[in-house]
Amino acid sequence: MVFHPPVAIVAKAGDAGKYKVGLPAWNMVLRGILSGAFIAMGAALATVCSTGIQATDVAMRFGAASPGISQLILGAVFPVGLIITIMTGAELFTGDAMLAPMAAFIHKVSWASVLNLWVWVYIGNFIGSVIFAYIMAYGPCVSYDAAGVATITAFGTRAVGIAAAKTSYVGAMALWSLFLKAIACNWLVNLAVLLGICADDAIGKIVGIWFPIFAFVASGFEHSIANMYFIPAGIFVTGIDPSTAVATVNWVNMWTNNVIVVTLGNIVGGLFFVGVLYWVAFRKEIAALK
């Protein structure tokens, strides 16, 4: 394995950001759709694998209520989405929250081009996430009998439960907690991006990406693009069977009770806690590389 020194990693992050902001808008959206779907694949896998975990023999050994075991499973499988995104060149808003500003710091690209990338990739991520949420809701989350009558599966019930939990943030302090979870999330996500840059071989990249993503998911932090899957999946399931409906799970509360605040927190986590701090820490060394 070949690992690059920290200053080289930061410089390569700036180079990646410069390339990204130079893409045409249609390509930003297309790559954003792909990444939104990839992150949704990881979120869907996490939903399925954590379904019923508290009823298992392993969980029971740790007590009837074992949320830590469920979070362990969630964290262990969720990273597949970011691994696919980084290794196939798709565009993820939360990663671009650090990479594009790095390009502005190092290569002096305009902040207008940074915002342009953010907007188009964010739109693409939303489209891709919702498409895969629909596939899951009308696929593994439901079964139909010969008469076409729908029955929500255990996976569908779990999807609604996750969506309800993510739209339950009401009140100033709850939203502040949500904001802090979003900061911590994208701090770890962008450390995963930097670790992915560390290695030149596939195994090194996978290992580097996996650990920080495992940490953010298992810790219960909040990712805006993942939530663009989790909440719509719950909305679609409740549309199939209204008896599963939860008051907060709808398209309005998705934004007001979660995604808007999480998006802002993700920007702070990626832009400031990784982008700005690493630029300040290594700017003299980066200047010496030129």
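Before any of the text, the structure's been laid out above.
Bear in mind the structure is a predicted one, so any value in this text is a computation, not a measurement.

Rules and cut-offs
- Residues numbered from 1 in each chain as written.
- Predicted model: local features only at pLDDT ≥ 70, side-chain atom pairs only at ≥ 80, totals over all residues.
- Heavy atoms only, no water.
- Phe/Tyr/Trp six-rings, centres within 6.5 Å; stacked < 30°, edge-to-face > 60°.
- Helix = DSSP H or I, 4+ residues; strand = E, 2+ residues; numbered from the N terminus.
- Buried < 20%, exposed > 50% of the residue type's maximum accessible area, 1.4 Å probe, protein only.
- Core = buried A, V, L, I, M, F, W, Y, C linked by side-chain atoms within 4.5 Å.
- Expected span 1.5 Å × (residues − 1).
- Bend = angle between axes of the 7 residues up to and from the residue.
- Polar contact = N/O pair within 3.5 Å; in protein donor to acceptor, adjacent residues only side chain to side chain.
- Axes fitted to C-alpha atoms, helices over the stretch in contact; angles between N-to-C directions.
- Parallel < 35°, antiparallel > 145°, perpendicular 65-115°, else oblique.
- Left-handed = near helix turned anticlockwise from the far one by under 90°.
- Contact = heavy atoms within 4.5 Å.
- Nonpolar A, V, L, I, M, F, W, Y, C, P; charged D, E, K, R; others polar.

The geometry of an aromatic ring pair is captured by the separation of the ring centres together with the interplanar angle, meaning the angle of the planes. A complete count under the given rule lists 16 aromatic pairs for this structure. Consider the rings of Phe126 and Trp255, whose centres lie 5.6 Å apart with planes at 50°: the pair is tilted. One end of the pair, Phe126, is in helix α7 (residues 111-137); the other, Trp255, is in helix α12 (residues 251-289), with 129 residues separating them in the sequence. When its relative accessible area of 24% is taken as the criterion, Phe126 is described as partly exposed. Seen in terms of ring centroids, Trp210 and Phe211 are 4.8 Å apart; in terms of plane orientation they differ by 85°. Their pairing is edge-to-face. By relative accessible area, which is 25% here, Trp210 ends up partly exposed. Members of the aromatic cluster, joined through ring pairs, are Tyr134, Tyr138, Phe236 and Trp251.

Counting 59 residues, the largest nonpolar core has Phe78, Leu82, Ile213 and Tyr229 as its most contacted members. With 11 residues, the top contributor of residues to this core is helix α11 (residues 224-240). One finds Ile9, Met98, Val193 and Trp279 within the second-largest nonpolar core, a separate group that totals 17 residues.

For α12, built from 39 residues, the straight-helix expectation of 57 Å at 1.5 Å per residue is missed by more than 12%, its first-to-last C-alpha distance being only 48 Å. The sharpest bend along α12 measures roughly 60° and falls at Phe282. Where α12 starts, the residue carrying a side-chain oxygen 3.0 Å from the main-chain nitrogen of Val252 turns out to be Asn250.

When two helices pack together, their arrangement is given by the angle between their axes and by how far apart the axes lie. Running from amino to carboxyl end, α7 crosses α12 at an angle of 135°, the nearest separation of the two axes being 14 Å. Comparing the axis directions of α7 and α12 gives the class oblique. Two packed elements cross with a definite hand, and for α7 against α12 that hand is right-handed. Here Trp111, Trp118, Tyr122, Phe126 and Val130 of α7 come into contact with α12, specifically with Trp251, Met254, Trp255, Val259, Thr263, Ile267 and Leu271. Residue composition of the contact of α7 with α12, by class: 11 nonpolar, one polar and no charged.

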